[in-house]
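Understanding the architecture of this molecule
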Protein chains: 2
Amino acid sequence: MNAVGEAGDRSRPPVKDPGTVRPGGRTARVRAAVLRAAGDALAEHGFDRLDLTDIARRAEVGKTTVYRRWSTTTGLVADLLDDMAEQSVRRSDTGSLAGDLRANARLVVTTLNDARQGPLLKAVIAAATGDRRTEQALRRFYDSRVEEWAECVRLAERRGEVPVGTDPHEVVRAVSAPLYYRVLVSGGALDEAVGERAVAAVLAAVRAGVYVPE
Amino acid sequence: MNAVGEAGDRSRPPVKDPGTVRPGGRTARVRAAVLRAAGDALAEHGFDRLDLTDIARRAEVGKTTVYRRWSTTTGLVADLLDDMAEQSVRRSDTGSLAGDLRANARLVVTTLNDARQGPLLKAVIAAATGDRRTEQALRRFYDSRVEEWAECVRLAERRGEVPVGTDPHEVVRAVSAPLYYRVLVSGGALDEAVGERAVAAVLAAVRAGVYVPE
């Protein structure tokens, strides 16, 4: 099976036909297949063993296409993170900050425990410690996720649930911090109870005005 | 200059003289020099480019000694982490939980911002995402650090400062979590104000009973 309609000699650049290259068309399908293959490879064996030729083979895409479009594994991972940010789950709107932050914590726990997403994110975080471009792409990804959920805190402020001036981004980051710390640093099981405790801690700190800048 | 008194042919195993191999003697000096060189190399160019021959050269120790004693870079990094745990700064005893946790946060901020310790820890955390033995050594290191500072929470409980049954380890981990999250995941400056906010958040959560297991 060929995911993107490009069979045959994989070392040959695909024939370009401008009439068929449209948004959502072949170019988009090629990108989707390559990014999926890159994510699979990252989850399976980490960043350092990523290889564009292997990814082209997994994606059933001509390797020249992959090299021409992404040039390096670093560039490909940056594009993968941008795509993940676009595709990511929207924020909840449960009507209370507690409900919204619980939904966020459950999403983070589920993602980090997911057999593909967990290793993928860990691999990218590890790579970002030693590579500036991957670090920047990782920051963009998390900035976008934090901005998405920050709206829950702004809505809570408008409902009078949190002190005026509460920093919405810091509240969202504070929910994630103990969950990522557990996975990356301290170890230990990451389950729903850990997520609940993270939310309870953040709510107590929010009420105490800890996230209102001085 | 030769840090450990082993000059000459570095590929030749050192002559063993049981009369001179005593605790704190040559064996201890060799270990200290090799672990320091390993830490320097990790901080400079990460885990993946660690090389025992390069480390032997930096430490001015015969490479056969290094290969015989540590076998692999993974084994050497595990020994480095065990040594770091032994050498680490003792907990504070300021007389209040707030004072002790502030001292802890300042120590973590200083360590993560240190030109050698920061990159070294990031490199080991990154390596642990893809290597089971390094992960175990990393867990031992942080378990030992957390246990050292957990005593501050136990003392606070005895002074009646925190709810009975507060989990001392989780409190200490909660101080570190947002600091490591910032360095590894979200980015942003890590300064004393960030440490202060982490402590304020943990104290609010402790008072609310969040760290008393149900």
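Residues numbered from 1 in each chain as written. Chains lettered and ligands numbered in written order. Predicted model: local features only at pLDDT ≥ 70, side-chain atom pairs only at ≥ 80, totals over all residues. Heavy atoms only, no water.

1. Details of the packing of helix H1 (residues 26–45) of chain A against helix H2 (residues 52–59) of chain A
Residue and element names in this part refer to chain A. Spelled out, the test is: In this analysis, axes come from line fits to C-alpha atoms, helices being fitted only over the stretch in contact, and the angle between any two N-to-C directions falls in the range 0 to 180 degrees. Helical segments are the DSSP runs of H or I of at least four residues, strand segments are the runs of E of at least two, and each set is numbered from the N terminus. The cut-offs work like this: below 35 degrees is roughly parallel, past 145 is roughly antiparallel, 65 to 115 is roughly perpendicular, and the gaps in between are oblique. Note on convention: near helix rotated counterclockwise from far helix by under a right angle means a left-handed crossing. Clockwise means right-handed. Whether two residues are in contact is decided by their heavy atoms: any pair within 4.5 Å suffices. Amino acid classes used here: Ala, Val, Leu, Ile, Met, Phe, Trp, Tyr, Cys and Pro are nonpolar; Asp, Glu, Lys and Arg are charged; the rest, including Gly, are polar.
Taken N-terminus to C-terminus, the directions of H1 and H2 make an angle of 120 degrees; their axes are 8 Å apart at the nearest point. Considered as vectors, H1 and H2 are oriented oblique to each other. Of the two possible hands of crossing, H1 and H2 adopt the one that is right-handed. The residues of H2 that touch H1, namely those facing Ala33, Val34, Ala37, Ala38, Asp40, Ala41, Glu44 and His45, are Asp54, Ile55, Arg58 and Ala59. Taken together, the residues that form the contact of H1 with H2 break down as seven nonpolar, one polar and four charged.

2. Thoughts on the domain arrangement of chain A
The extent of an interface is frequently quoted as the accessible surface area lost upon association of the parts. Residue and element names in this part refer to chain A. Definition in use: Where each domain begins and ends follows an automated or database-derived domain assignment. Summed over both partners, the accessible surface that disappears when two parts come together, traced with a 1.4 Å probe, is what is meant by buried area. A side-chain nitrogen of Lys or Arg and a carboxyl oxygen of Asp or Glu constitute a salt bridge if their distance falls within 4 Å. Each polar contact in these results corresponds to two N or O atoms within 3.5 Å; when the atoms are within protein, one needs to be able to donate a hydrogen and the other to accept it, and residues that are neighboring in sequence are counted only if both atoms are side-chain atoms.
Each assigned domain of chain A is listed here: domain 1 (12–85) and domain 2 (90–207). Inter-centroid distance (C-alpha atoms) of domain 1 to domain 2 is 29 Å. Counting from both sides, the interface comprises 18 residues of domain 1 and, opposite them, 16 residues of domain 2. Taking both partners together, domain 1 and domain 2 bury about 1400 Å²; carbon and sulfur atoms supply 68% of that area. In this assembly, domain 1 and domain 2 are joined by two salt bridges. For arginine 140, the salt bridge identified is with aspartate 82, shortest N-O distance 3.2 Å. The tally of links between domain 1 and domain 2 comes to three residue pairs in polar contact (both at pLDDT 80 or more). Listing elements by their share of the side of domain 1 that touches domain 2, those giving two or more residues are H1 and helix H4 (73–87). For the side of domain 1 that touches domain 2, the element with the highest residue contribution is H4, accounting for nine residues. Of the residues assigned to the side of domain 1 that touches domain 2, the class counts are ten nonpolar, five polar and three charged.

3. Quick look at the packing of aromatic side chains
The way to describe two aromatic rings as a pair is by their centre distance and the angle between their planes. Using the following cut-off: Ring pairs shown here join Phe, Tyr and Trp side chains whose ring centres sit within 6.5 Å, with only the six-membered ring taken for Trp; geometry is labelled stacked below 30 degrees between planes, edge-to-face above 60, and tilted in between. Residue burial is assigned from relative accessible area. The probe radius is 1.4 Å, only protein chains are included, and a residue is buried under 20% of its type maximum, exposed over 50%, and partly exposed in between.
On inspection of all chains with the given rule, the structure shows six aromatic pairs over all chains. Each ring, one from phenylalanine 141 of chain B and one from tyrosine 142 of chain B, has its centre 4.9 Å from the other, and the planes form 75 degrees; the classification is edge-to-face. For tyrosine 142 of chain B, a relative accessible area of 5% puts it in the buried group. Through a chain of ring-to-ring contacts, the aromatic side chains of Phe141, Tyr142 and Tyr180 of chain A together with Tyr181 of chain B assemble into a single cluster.

4. Comments concerning helix H1 (residues 26–45) of chain B
Residues and elements named next belong to chain B. Stated formally: One less than the number of residues in a helix, times 1.5 Å, gives the span that helix is expected to have.
Between the first and last C-alpha of H1 there are 28 Å, a value that for 20 residues agrees with the 28 Å anticipated at 1.5 Å per step. Considered for burial, the residues of H1 that qualify are Arg26, Val30, Arg31, Ala33, Val34, Leu35, Ala37, Ala38, Gly39, Ala41, Leu42 and Ala43. At its buried positions, H1 is contacted by helix H2 (52–59), helix H3 (63–70), helix H4 (73–87) and helix H6 (117–128). At the C-terminal side of H1, glycine 46 shows a positive phi close to 80 degrees.

5. Notes on the relation of the copies chain A and chain B
The following threshold applies: To line up the copies, we fit them by least squares on C-alpha atoms, keeping just the residues with pLDDT of at least 70 in both.
Rotating chain A by 180 degrees and moving it 0.0 Å along the rotation axis overlays it on chain B with an RMSD of 0.0 Å. The relationship between the two copies is best expressed as a two-fold rotation axis. Among all residues of chain A, the minimum C-alpha distance to the rotation axis is found for alanine 126 of chain A, at 2.1 Å. Taken together, the interface assignments show that 100% of the residues at the interface of chain A recur at the interface of chain B, consistent with an identical surface on both copies.

6. Focus on the pattern of salt bridges
All names here are of chain A. Applying the stated criterion across every chain, the model contains 36 salt bridges over all chains. A salt bridge links glutamate 44 to arginine 58; the shortest N-O distance between them is 2.9 Å. Taken together, the residues span a long stretch of sequence, with glutamate 44 in helix H1 and arginine 58 in helix H2 at a distance of 14 residues. For glutamate 44, a relative accessible area of 55% puts it in the exposed group.

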